[in-house]
Amino acid sequence: MKTLELKFINETDKLVTITLDSPIEPADPVAVEQAMDEIIAQNAFYSSGGDLVSKKSARIVERNVFDIEV
């Protein structure tokens, strides 16, 4: 499964990650940056360390899970 991780810095200078399932690929860097700017501008999310104040990074992560019969 692939996820889009949006990483922000909050008011206490701590890293906050917002994870979205099944991102559209290929990712549009301009659209991702605009979305992150809008999240900050709208104060859409709150963390235990306060509001999100800046963008850190964004990435697509792929995780493969294989069940083992026991």
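The structure we're discussing is the one just above.
Residues numbered from 1 in each chain as written. Predicted model: local features only at pLDDT ≥ 70, side-chain atom pairs only at ≥ 80, totals over all residues. Heavy atoms only, no water.

Caption draft 1: Fine view of the overall build of the protein chain. When you go through the protein chain residue by residue, the secondary structure sums to one helix and four strands. Helices and strands in the protein chain line up, N terminus first, as β-β-α-β-β. In summary, the protein chain has a C-alpha radius of gyration of 14 Å against a globular reference of 11 Å for 70 residues, an excess of more than 25%. Within the protein chain, buried positions represent 26% of all 70 residues. Long-range pairs, those at least 24 residues apart, make up 57% of the contacts in the protein chain with a sequence separation of at least 6. Within the structure as shown, the protein chain displays about 5400 Å² of accessible surface, and the carbon and sulfur contribution to it stands at 52%. (Helix = DSSP H or I, 4+ residues; strand = E, 2+ residues; numbered from the N terminus. Rg over C-alpha atoms; globule rule 2.2 N^0.38 Å. Buried < 20%, exposed > 50% of the residue type's maximum accessible area, 1.4 Å probe, protein only. Contact = heavy atoms within 4.5 Å. Areas by Shrake-Rupley, 256 points an atom, 1.4 Å probe, with all protein chains shown as cover.)

Caption draft 2: Looking closely at the nonpolar core. Formed by Leu4, Leu6, Phe8, Val16, Ile18, Val32, Met36, Ile39 and Leu52, the largest nonpolar core amounts to nine residues. Broken down by secondary-structure element, the contributors of at least two residues to this core are strand S1 (2-10), strand S2 (15-21) and helix H1 (29-41). Excluding residues that lie within four positions of it along the chain, Met36 makes contacts with Leu6, Lys7, Phe8, Lys55, Ser57 and Ala58. (Core = buried A, V, L, I, M, F, W, Y, C linked by side-chain atoms within 4.5 Å.)

Caption draft 3: Structural context of the pattern of salt bridges. Applying the stated criterion to the full structure yields five salt bridges. Here Glu25 and Lys2 are joined by a salt bridge, their closest N and O atoms 2.9 Å apart. In this pair, Glu25 sits in the loop between S2 and H1 while Lys2 sits in strand S1, placing the two residues 23 residues apart along the sequence. The class for Glu25 is partly exposed, based on a relative accessible area of 42%. Under the relative-accessibility criterion, Lys2 is labelled partly exposed at 30%. Ionic pairing is found between Glu5 and Arg59, a salt bridge with its closest N-O pair at 2.7 Å. Of this pair, Glu5 sits in strand S1 while Arg59 sits in strand S4 (residues 50-62), placing them 54 residues apart in sequence. One continuous salt-bridge network, built from bridges that share partners, spans Glu5, Lys7 and Arg59. (Salt bridge = Lys/Arg side-chain N within 4 Å of Asp/Glu carboxyl O.)

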